[in-house]
Amino acid sequence: MDASETSATEPVRGTFFVHGYVQGVGFRWWVRARALELGLVGHARNTVDGRVEVVAQGRVESVDRLQELLTEVPSTARRPGRVTQVVSQRSAAKDGITSFVER
């Protein structure tokens with residue numbers, strides 16, 4: 001699903017697998033702060049293979065902006081660590097998620 005397949009008013013879910021030097025540097029905290037600024041709900045969690053999984057739900061424009069912040073080089077938002085790759089997926093938003101948390 002991409003932005004053209006959903007209404008601008010319907011929430012969308014973005015799942016991002018962030019590769020690079022992103023654990024132990026405040027990256028999840030930074031993602032949570034940006035997500036809250038954008039009005040998104042979801043989570044950021046470390047994976048056992050060194051990546052960070054970010055799941056963000058909300059307005060298409062807000063999810064798109066978070067993806068831009070995760071991938072831009074150089075970072076204009078003082079992103080900690082070093083991102084080498086972001087693999088993303090889009091899907092319909094899931095019910096019952098009311099905040100953005102670090103896991």
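As the structure is a prediction and not an experimental result, all values here were calculated from the model.

A. Seen up close, the overall build of the protein chain. Of the regular secondary structure elements, the protein chain holds two helices and five strands. Secondary structure of the protein chain in N-to-C order comes out as β-α-β-β-α-β-β. The C-alpha radius of gyration of the protein chain comes to 13 Å, within 12% of the 13 Å expected for a compact globule of 103 residues. Each principal axis of the C-alpha distribution contributes one length, and for the protein chain these read about 35 × 25 × 25 Å. By residue count, 39% of the 103 residues in the protein chain fall in the buried class. Summarising the internal contacts of the protein chain: among those between residues at least 6 apart in sequence, 77% fall at separations of at least 24. When the accessible area of the protein chain is evaluated, it comes to approximately 5800 Å², of which 48% is carbon and sulfur surface. A distance of 8 Å separates the average location of the 14 positive side-chain charges in the protein chain from that of its 12 negative side-chain charges.

B. Highlighting the UniProt feature "active site" (unreviewed entry) in the protein chain. Mapped onto this numbering, the UniProt entry gives "active site" (unreviewed entry) at Arg28 and Asn46. The annotated residues occupy 19 residues of the chain but converge on a single region, no pair of C-alpha atoms lying more than 8.0 Å apart. As for its position among the elements, Arg28 is in helix 1 (residues 27-37). Turning to its location among the elements, Asn46 is positioned in strand 2 (residues 41-46).

C. Representation of unusual backbone geometry in the model. At the junction of Val73 and Pro74, the peptide bond is cis and its omega measures out at -5° in the coordinates. Position of Pro74 among the secondary structure elements: in the loop between helix 2 (60-71) and strand 4 (82-92). Of note in this structure, Arg78 is not a glycine but carries a positive phi near 55°. Taking relative accessible area as the criterion, Arg78 reaches 77% and is therefore assigned exposed.

D. Region of interest: the pattern of salt bridges. Tallied over the entire structure, the rule returns six salt bridges. Note that Arg90 and Asp64 form a salt bridge whose closest N and O atoms lie 2.7 Å from each other. Of the two residues, Arg90 sits in strand 4 while Asp64 sits in helix 2, which places them 26 residues apart along the sequence. The class of Asp64 is partly exposed, set by a relative accessible area of 28%. Between Arg65 and Glu68 there is a salt bridge, with the nearest N and O atoms lying 3.1 Å from each other. One end of the pair, Arg65, and the other, Glu68, are both in helix 2, three residues apart, so they sit about a helical turn from each other. For Arg65, a relative accessible area of 32% corresponds to the partly exposed category.

E. Fine view of the side chain of Thr47. Examined against the element boundaries, Thr47 turns out to sit in the loop between strand 2 and strand 3 (52-58). In terms of polar contacts, Thr47 uses its side chain to reach the side chain of Asp49, at 2.5 Å. For Thr47, the residues in contact, after removing those within four places along its chain, are Gln23, Val52 and Glu53.

About the thresholds
- Residues numbered from 1 in each chain as written.
- Predicted model: local features only at pLDDT ≥ 70, side-chain atom pairs only at ≥ 80, totals over all residues.
- Heavy atoms only, no water.
- Helix = DSSP H or I, 4+ residues; strand = E, 2+ residues; numbered from the N terminus.
- Rg over C-alpha atoms; globule rule 2.2 N^0.38 Å.
- Buried < 20%, exposed > 50% of the residue type's maximum accessible area, 1.4 Å probe, protein only.
- Contact = heavy atoms within 4.5 Å.
- Areas by Shrake-Rupley, 256 points an atom, 1.4 Å probe, with all protein chains shown as cover.
- Lys, Arg positive; Asp, Glu negative; His and termini not counted.
- Charge placed at Lys NZ, Arg CZ, Asp CG, Glu CD.
- UniProt positions renumbered as here; feature names shortened; annotations may be inferred.
- Salt bridge = Lys/Arg side-chain N within 4 Å of Asp/Glu carboxyl O.
- Polar contact = N/O pair within 3.5 Å; in protein donor to acceptor, adjacent residues only side chain to side chain.

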